[in-house]
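Residues per chain, in single letters:
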Amino acid sequence: MRALITGITGQDGAYLARLLTDYGYEVFGAYRRGASPRTERLAYLNVSPEMVPFELGEYENVKRTIDHIKPDEIYNLAAQSFVADSFELPTYTCDVNGMGVLRILEAIRGKDIRLYQASTSEMFGNATPRQSETTPFIPRSPYGCGKLLAHSLCRNYRESYGVQVSCGILFNHESPLRGKEFVTQKIAYGVWDEHLRLGNLEAKRDWGHARDYVKAMWLMLQHQPDDFVVATGTAHSVKDFLTAAKQESGTEPVVTIDPKFYRPAEVNHLCGDATKAREILGWEPTTTFRDLVGEMVREAGKCSGYFWDSIDGKLPRIKSVITA
Ligand code: NAP
Ligand code: GDD
C-alpha cells in the first residue's frame, strides 16, 4: 500500500508516518515547495518517508504529483493550523485550509484513491457540548471557516461524484511534538521557566494524544467513507492544564495574564462525543489527561530549547520524486 501524507513535517504527519510505516506502507511525505522541510519530528520518531515537494496552492502540481506517486490513500494534514494566526492571515489561511483540499478532490475525482481530510472541532465554535457529527457548525475564526469550507467540499464530492473521502472531526490532540505556540506545549515548556505569559485560562478543551488520533485517521480509510468525531469525551480548562503541569514539574512559575493572547472571538468549551467512532471504527483513546500532561512536561524538561534543538540523530533523507 502507498500513502501520501501532506503536512508530513507537522505533529500528526510524524505520528501518522510512524504508524503507516509500522503497518508496512510505502509512505510519501509531501512538504511545501520552496521551504526547507523540517524533518526533526520524523527524526524524533525514527521514521524516514520519501519526501516529495508539493504545492497545495497549485492544481497542476497537485495533480502531477498524485499521478506520479499513485497512492492508494492520501491524508491531507497540511494546514495553517494555528487559530490565533488565522485572524492575522485570514486569506492565506482560508486558501490553504479551505481551497487546498479542493485541488486534491479534483485531482482524484474518478480515481480509486481514498482521501482523509483533517477537519476540526474548531468548526463547532460555541455550539453546546458535547459536540457530535450532528451538531451544527458555527465557526468563530477564519481557521474554522476555512476548515468548514474544506469539510463541505469533501461531503459534496462524496455525494456528487462518489469520491472516497472521509473527514475526521478531531478535537485537540497534543504530544511532545506539538508546535510550541499551542497552549499545552507553551505550558509544558513554560513551567520550567520563571515566568509564563498566557491568555484566557477559562477556555476548555477536550485534549487527547496525537498518537491515538492518527490511528483513527487510518481506521477511517479502512471503512466506508463518512465523517467521524474523534475525542476523549472529557474537557479541562487551560487553568487545569497549568495546574497539572506544575504538579508534574514541581515548579511554581510566575503566571501573567497577557491580553495579547486573547482572541477576537473565543471558542469557550469543546468536548466531543466519539460514540460513532467507537461503534463503527472500534476506536478508543488510550491516553488519560494526566498521562498526556506528564509526558509533555517530562519531555520538555529534558530539552534546553525546543525539542528539536536537542535532536542529534540522523535526519531522514530527502528524495525529490517530482522535479518539475
Ligand atoms: P501542525 O503541526 O501545525 O502541522 C501542519 C503541517 O502543515 C506542517 O507540515 C506544515 O508544514 C504544513 N503546512 C503549513 N502551511 C502550509 C502550506 N501553506 N502549504 C503546505 N503545507 C503547509 O499541525 P498538526 O497538529 O499536525 O495538525 C494536522 C492537521 O490536523 C492540520 O490540518 C490541522 O489543522 C488539523 N487538526 C489538528 C488538530 C490538533 O489538535 N492538532 C485538531 C483538529 C484538526 P511546515 O512544517 O512547512 O510549516
Ligand atoms: N495558543 C495559546 N497561547 N492559547 C492560549 C493561551 C496562549 O498563551 N492562553 C490561553 N489560550 C487558550 C486559547 O485562547 C484557546 O482557547 C485554548 O487556549 C487552546 O488554544 P490552542 O492551544 O492554540 O489550540 P486551539 O484550540 O485554538 O486550536 C487547536 O485545536 C483545534 C481543534 O479544536 C489547533 O490544533 C487547531 O489546529 C485545531 O483544529
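This text gives an overview of the structure that appears in the document. (Residues numbered from 1 in each chain as written. Chains lettered and ligands numbered in written order. Predicted model: local features only at pLDDT ≥ 70, side-chain atom pairs only at ≥ 80, totals over all residues. Heavy atoms only, no water.)

1. Describing the site of ligand 2
Here comes step 1: In the vicinity of ligand 2, 24 residues are found, and the nearest of them are T120, S121, Y143, R263 and E266.
Here comes step 2: Take T120: an N or O atom from its side chain is 2.6 Å from an oxygen atom of ligand 2.
Here comes step 3: At 2.7 Å, a side-chain N or O of N172 approaches an oxygen atom of ligand 2.
Here comes step 4: Of all the secondary-structure elements, those providing two or more residues to the shell around ligand 2 are helix 7 (183-190) and strand 8 (195-198).
Here comes step 5: Class assignment of the residues belonging to the shell around ligand 2 gives a composition of 10 nonpolar, six polar and eight charged. (Near = heavy atom within 4 Å. Polar contact = N/O pair within 3.5 Å; in protein donor to acceptor, adjacent residues only side chain to side chain. Helix = DSSP H or I, 4+ residues; strand = E, 2+ residues; numbered from the N terminus. Nonpolar A, V, L, I, M, F, W, Y, C, P; charged D, E, K, R; others polar.)

2. A few points about the packing of helix 7 against helix 9 (residues 238-249)
Here comes step 1: Close contact between helix 7 and helix 9 brings their axes to 10 Å; oriented N to C, the two are set at 30°. On the basis of their axis angle, the class for helix 7 and helix 9 is roughly parallel. Taken as a pair, helix 7 and helix 9 cross one another with a handedness that is right-handed. Contacts between helix 7 and helix 9 involve V183, T184 and I187 from the former and V238, F241, L242 and A245 from the latter.
Here comes step 2: Its residues placed into classes, the contact of helix 7 with helix 9 shows six nonpolar, one polar and no charged. (Axes fitted to C-alpha atoms, helices over the stretch in contact; angles between N-to-C directions. Parallel < 35°, antiparallel > 145°, perpendicular 65-115°, else oblique. Left-handed = near helix turned anticlockwise from the far one by under 90°. Contact = heavy atoms within 4.5 Å.)

3. Considering the site of ligand 1
Here comes step 1: Every one of the 24 residues lining ligand 1 counts as a neighbour, but T9, R32, S81, Y143 and K147 are closest to it.
Here comes step 2: Residue Y143 places a side-chain N or O atom 2.5 Å away from an oxygen atom belonging to ligand 1.
Here comes step 3: Separating an oxygen atom of ligand 1 from a backbone N or O atom of H173 is a distance of 2.9 Å.
Here comes step 4: Here ligand 1, which alone exposes 900 Å², has 89% of that area covered by the protein.
Here comes step 5: Listing elements by their share of the shell around ligand 1, those giving two or more residues are helix 1 (11-22), helix 5 (90-108), strand 5 (114-120) and helix 6 (142-161).
Here comes step 6: Counting residues per element, the shell around ligand 1 draws most heavily on strand 5, which supplies three residues.
Here comes step 7: When the residues that make up the shell around ligand 1 are grouped by side-chain class, the tally is 10 nonpolar, nine polar and five charged. (Areas by Shrake-Rupley, 256 points an atom, 1.4 Å probe, with all protein chains shown as cover.)

4. What to know about the pairing of strand 6 (residues 165-170)
Here comes step 1: Among the six residues in strand 6, six count as buried, and that is most of the element.
Here comes step 2: Because side chains alternate across strand 6, one face comprises the buried residues V165, C167 and I169, and the other comprises S166, G168 and L170, equally buried.
Here comes step 3: Here strand 5 runs beside strand 6; their pairing, made up of six bridges, is parallel. Following the sheet pairing, T120 is matched in strand 6 by L170.
Here comes step 4: Since strand 5 and strand 6 lie parallel, the crossover through helix 6 that links them has a hand, and here it is right-handed.
Here comes step 5: Relative to strand 11 (residues 227-230), strand 6 is paired through four bridges, and the arrangement is parallel. Across the sheet, the residue bridging to I169 is V229, located in strand 11. (Buried < 20%, exposed > 50% of the residue type's maximum accessible area, 1.4 Å probe, protein only. Pairing = 2+ DSSP bridges. Right-handed = clockwise from strand over helix to strand, strands pointing away.)

5. A short note on helix 9
Here comes step 1: A rise of 1.5 Å per residue sets the reference length of helix 9, with its 12 residues, at 16 Å; its end C-alpha atoms lie 16 Å apart and thus fit the reference within 8%.
Here comes step 2: Looking only at helix 9, the buried set comprises V238, F241, L242, A244, A245, K246 and S249.
Here comes step 3: Buried residues along helix 9 sit in contact with helix 7, strand 8, strand 12 (236-237), strand 13 (254-257) and helix 11 (289-302).
Here comes step 4: Phi turns positive, to about 70°, at G250, one or two residues after helix 9. (Expected span 1.5 Å × (residues − 1).)

6. Thoughts on the sheet that holds strand 2 (residues 26-32)
Here comes step 1: Strand order in the open sheet formed by seven strands is 3-2-1-4-5-6-11, and the pairing between neighbours is parallel. One side of each edge strand has no neighbouring strand; the edge strands of this open sheet are strand 3 (50-54) and strand 11. Each strand axis lies, on average, 20° off the axis of its neighbour in the sheet, ignoring direction.
Here comes step 2: Looking at chain direction, strand 1 (residues 2-6) and strand 4 (residues 73-76) are connected through four bridges and run parallel. Across the sheet, residue A3 finds its bridge partner in strand 4, namely E73.
Here comes step 3: This element, helix 1, spans strand 1, strand 2 and strand 4 of the sheet and lies at about 175° to strand 1.
Here comes step 4: Sheet strands touched by helix 3 (residues 59-69): strand 1, strand 2, strand 3 and strand 4. Its angle to strand 3, the strand with the most contacts, is close to 155°.

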